[in-house]
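Given next are the chains, with one letter for each unit.
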Amino acid sequence: MKKTLTAVALVALGTASTSALAHPGAGAHTHGFLQGFAHPFTGLDHLLAMLAVGAWSVRQPNAKWLPATFVGMLLVGMASGALGLSIPGLETGIGLTVALMGVLLVAAVRLPPAAGAAMVSVFAILHGNAHGHELPQAISAAGLLAASLLLVYGGSLLGRISPALAVKASGAAIAATGVMLAATA
């Protein structure tokens, strides 16, 4: 029963999301808490990255703080984007973060805590920077951070209750999606 519920939840989240629109030049702006909160659920790249970071983090040694690290560095990335810092190849980099998180899940890679923290920090800065370019109000950022926290910790819960094979299968789908996102960036 848990396997079925996990699979249904992952499919529902994946099919409910649309292509990402919060990236520089995409044209969609968020203007309030609810719009900021809704955004991570509507961008496939952000949805998958956050769920994958959460699921991967629970399988790491001594790394219960990885989800909080991701969300904290997401804020740093958002601030950098809001201040106008442009990162070359941002969209490709975001797609590659999704692909790499999927590969890490498939291969059940365990990293030393500092390496894991550094990696998810870089991923979060990329994702945050993309959103920072598009967030005209601090309240939008608060909504985005709240939803991101929910998704990363939701991914942690899924990673904790899901059988290893389900996590690996999800990782394969996430990796394939990341490759597609990077290739079309």
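What counts, and where the lines are drawn
- Residues numbered from 1 in each chain as written.
- Predicted model: local features only at pLDDT ≥ 70, side-chain atom pairs only at ≥ 80, totals over all residues.
- Heavy atoms only, no water.
- Helix = DSSP H or I, 4+ residues; strand = E, 2+ residues; numbered from the N terminus.
- Contact = heavy atoms within 4.5 Å.
- Axes fitted to C-alpha atoms, helices over the stretch in contact; angles between N-to-C directions.
- Left-handed = near helix turned anticlockwise from the far one by under 90°.
- Nonpolar A, V, L, I, M, F, W, Y, C, P; charged D, E, K, R; others polar.
- Phe/Tyr/Trp six-rings, centres within 6.5 Å; stacked < 30°, edge-to-face > 60°.
- Buried < 20%, exposed > 50% of the residue type's maximum accessible area, 1.4 Å probe, protein only.
- UniProt positions renumbered as here; feature names shortened; annotations may be inferred.
- Expected span 1.5 Å × (residues − 1).

- Identification of the protein chain as HupE-UreJ family metal transporter from Duganella margarita is taken from an unreviewed UniProt entry.

1. Structural notes on the environment of A82
For step 1, the next point in the chain: Secondary-structure assignment places A82 in helix α4 (residues 66–82).
For step 2, the next point in the chain: Excluding residues that lie within four positions of it along the chain, A82 makes contacts with G132 and H133.

2. So, the packing of helix α2 (residues 33–42) against helix α7 (residues 138–161)
For step 1, the next point in the chain: Direction vectors running N to C along α2 and α7 enclose 35°, while the axes themselves pass 6 Å from each other. Remark: the crossing between α2 and α7 carries right-handed chirality. Contact with α2, carried on its side by F33, G36, F37, H39, P40 and F41, involves I139, S140, A142, G143, L144, A146, A147, S148, L150 and L151 of α7 and no other residues of that element.
For step 2, the next point in the chain: Residues that form the contact of α2 with α7 fall into these classes: 11 nonpolar, five polar and no charged.

3. Some thoughts on the packing of aromatic side chains
For step 1, the next point in the chain: Taken as a whole, this structure holds two aromatic pairs when the rule is applied.
For step 2, the next point in the chain: Taking 6.1 Å as the distance between ring centres and 20° as the angle between the ring planes, the aromatic pair formed by F33 and F37 counts as stacked. Taken together, the positions of F33 and F37, both in helix α2 and four residues apart, correspond to about one turn of that helix.
For step 3, the next point in the chain: Given a relative accessible area of 26%, F37 falls into the partly exposed group.

4. Some details on unusual backbone geometry
For step 1, the next point in the chain: At N62, a position not held by glycine, the phi torsion is positive, near 50°.
For step 2, the next point in the chain: If you trace the backbone, N62 turns up in the loop between α3 (44–57) and α4.
For step 3, the next point in the chain: By relative accessible area, N62 is classed as exposed at 66%.

5. Let's talk about the UniProt feature "transmembrane region" (unreviewed entry) in the protein chain
For step 1, the next point in the chain: Within this structure's numbering, the places UniProt gives as "transmembrane region" (unreviewed entry) are residues 65–87, 93–126, 138–158 and 164–183.
For step 2, the next point in the chain: Here residues 65–87 is 74% helix and 0% strand, with 26 Å between the C-alpha atoms at its ends.
For step 3, the next point in the chain: Between the C-alpha atoms that bound residues 93–126 there is a distance of 7 Å. The span itself is 82% helix and 0% strand.

6. Re helix α8 (residues 164–183)
For step 1, the next point in the chain: Between its terminal C-alpha atoms α8 stretches 28 Å, which fits the 28 Å expected from 20 residues at 1.5 Å a residue.
For step 2, the next point in the chain: V167, S170, G171, I174, A175, T177, G178 and A182 are the residues of α8 that are buried.

7. Things to note about the side chain of S121
For step 1, the next point in the chain: Looking at the secondary structure, you find S121 in helix α6 (residues 113–132).
For step 2, the next point in the chain: Given the relative accessible area of 13%, S121 is considered buried.
For step 3, the next point in the chain: The residues contacting S121, other than those within four sequence positions of it, are T69 and M73.

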